[in-house]
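The lines below spell out each chain.
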Amino acid sequence: MTLTRMNARCFNQVLYEPDTNAITKTSSHEQKLREETMWYLELPEELRHYVPDIFSYSLQKPVNVSLAYIPSPTLASLFVEEKLNPDRWDRVFAGITGLLVDFSRFPGELRRTCLADMYIRKTFQRVSAFLARNEKARTFFKRGYYWLNGRLTLCPIKIFNEHRADFLQLLDDPKACIIHGDLCFSNMLYDPESETIKLVDPRGRFGKRGLYGDQRYDLAKIRHSLSGYEHLVRNLYSLKVTEKGLDLHIGLTEEQGRLRDQWDGLIRSLGYELPVIKKIEALLFLSMLPLHRESEERQLALYALGTRLMYEAFDHERGGAEG
């Protein structure tokens, strides 16, 4: 039997077994993997074509799940490497919006406390964990501001506190239905020949375990891939750290920028308010900061981009330079 180790987050292990064409995933975060596996198992039959087949699983120690191997690239790699032409992206976005519409046909209940956990408490907990470890960001935080790409900007938590009432409004009008919970391009496999999308690595929790969450969260996850996240995790950026601040530049092309504008139009066509999705997207960048502790430079790049997106979300007059 031949096993091949595949790229995965530091707390996950993913092995490919060619004899069975299976991907087996284990994790030191066993509860997270258990919730992910249960999401697959509980997904309604009508939505099963959006995920790989499950070969085997264990919810007991050692928790693991084996899925059919899908030999398709991620949308992240296709986006970053610009391997699809505009017409093909039209069809990709049509597939994604169709998926979201299908998921919305399964409405659920969502408590306000779950929304508060995801949008408010998680953000503060994760930013606090990040600041405790990152001296440079902690210095900015104590000062209350820093220079971002040559412009004086407030620290993101200060922006959050100034607009606390706006963020609390995120708790008022969710779209409660089945969600993936981590619907970034890295978790979407796309077959250019069949034009099919397969989803992997679902969250399995939105405040509490289960299939249901706020669909606006999935929309924001896609937008954050289009705003530069996929470039940052591939080190396709330059960052200069100075005593006063940060200079961040991401190599987004004109076509990649057009795709984000196109996605913004689709957000509106699905009946959502773009400013709301932008606020959630900005919170995503802040809440992921401690998850990238393997690279302090990348954390600061995410911090800088999160700051700029906070400014964009509120059309802040005082700056936030282009990345």
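In case you missed it, the structure is sitting above this.
Residues numbered from 1 in each chain as written. Predicted model: local features only at pLDDT ≥ 70, side-chain atom pairs only at ≥ 80, totals over all residues. Heavy atoms only, no water.

A. Highlighting the overall build of the chain. Counting secondary structure elements, the chain contains 11 helices and 15 strands. What you see for the chain is a C-alpha radius of gyration of 20 Å, in line with the 20 Å of a compact globule of 323 residues. Per-residue burial over the chain gives 54% buried out of 323 residues. Summarising the internal contacts of the chain: among those between residues at least 6 apart in sequence, 72% fall at separations of at least 24. Working note: accessible area of the chain is about 14900 Å², and carbon and sulfur atoms make up 48% of it. Distance between charge centroids for the chain: 7 Å, based on 45 positive and 44 negative side chains. (Helix = DSSP H or I, 4+ residues; strand = E, 2+ residues; numbered from the N terminus. Rg over C-alpha atoms; globule rule 2.2 N^0.38 Å. Buried < 20%, exposed > 50% of the residue type's maximum accessible area, 1.4 Å probe, protein only. Contact = heavy atoms within 4.5 Å. Areas by Shrake-Rupley, 256 points an atom, 1.4 Å probe, with all protein chains shown as cover. Lys, Arg positive; Asp, Glu negative; His and termini not counted. Charge placed at Lys NZ, Arg CZ, Asp CG, Glu CD.)

B. Region of interest: the packing of aromatic side chains. Taken as a whole and judged by the stated rule, the model has 17 aromatic pairs. Ring centres 5.8 Å apart and planes at 75 degrees place the aromatic pair Phe79 and Phe185 in the edge-to-face group. Residue Phe79 is found in helix α2 (residues 75-80), and its partner Phe185 is found in the loop between β8 (176-178) and β9 (188-191); the two are separated by 106 residues along the sequence. Ring geometry for Phe93 and Trp263: centres 5.6 Å apart, planes at 40 degrees, overall tilted. Of this pair, Phe93 sits in helix α3 (residues 86-104) while Trp263 sits in helix α9 (residues 254-269), and the two are 170 residues apart along the sequence. Accessibility classification places Phe93 together with Trp263 in one group, the buried group. (Phe/Tyr/Trp six-rings, centres within 6.5 Å; stacked < 30°, edge-to-face > 60°.)

C. Looking closely at a nonpolar patch on the surface. A cluster of nonpolar side chains, namely Tyr145, Trp147 and Leu152, defines an oily patch on the protein surface of about 270 Å² accessible area. Position of Trp147 among the secondary structure elements: in strand β6 (residues 145-148). By relative accessible area, Trp147 is classed as partly exposed at 36%. (Patch = residues over 30% accessible without salt bridge, like charges linked within 9 Å, V, L, I, M, F, W, Y side chains within 5 Å. Salt bridge = Lys/Arg side-chain N within 4 Å of Asp/Glu carboxyl O.)

D. Just the packing of helix α8 (residues 215-233) against helix α11 (residues 296-314), in detail. Orientation of α8 relative to α11, taken along the N-to-C sense of each, is 160 degrees, at an axis distance of 10 Å. In terms of axis orientation, α8 runs roughly antiparallel to α11. Where α8 crosses over α11, the handedness of that crossing is right-handed. Contact residues: α8 offers Arg223, Ser227, Gly228, Tyr229, Leu232 and Val233, while α11 offers Arg298, Ala301, Leu302, Leu305, Arg308 and Leu309. Considered class by class, the residues forming the contact of α8 with α11 number 7 nonpolar, 2 polar and 3 charged. (Axes fitted to C-alpha atoms, helices over the stretch in contact; angles between N-to-C directions. Parallel < 35°, antiparallel > 145°, perpendicular 65-115°, else oblique. Left-handed = near helix turned anticlockwise from the far one by under 90°. Nonpolar A, V, L, I, M, F, W, Y, C, P; charged D, E, K, R; others polar.)

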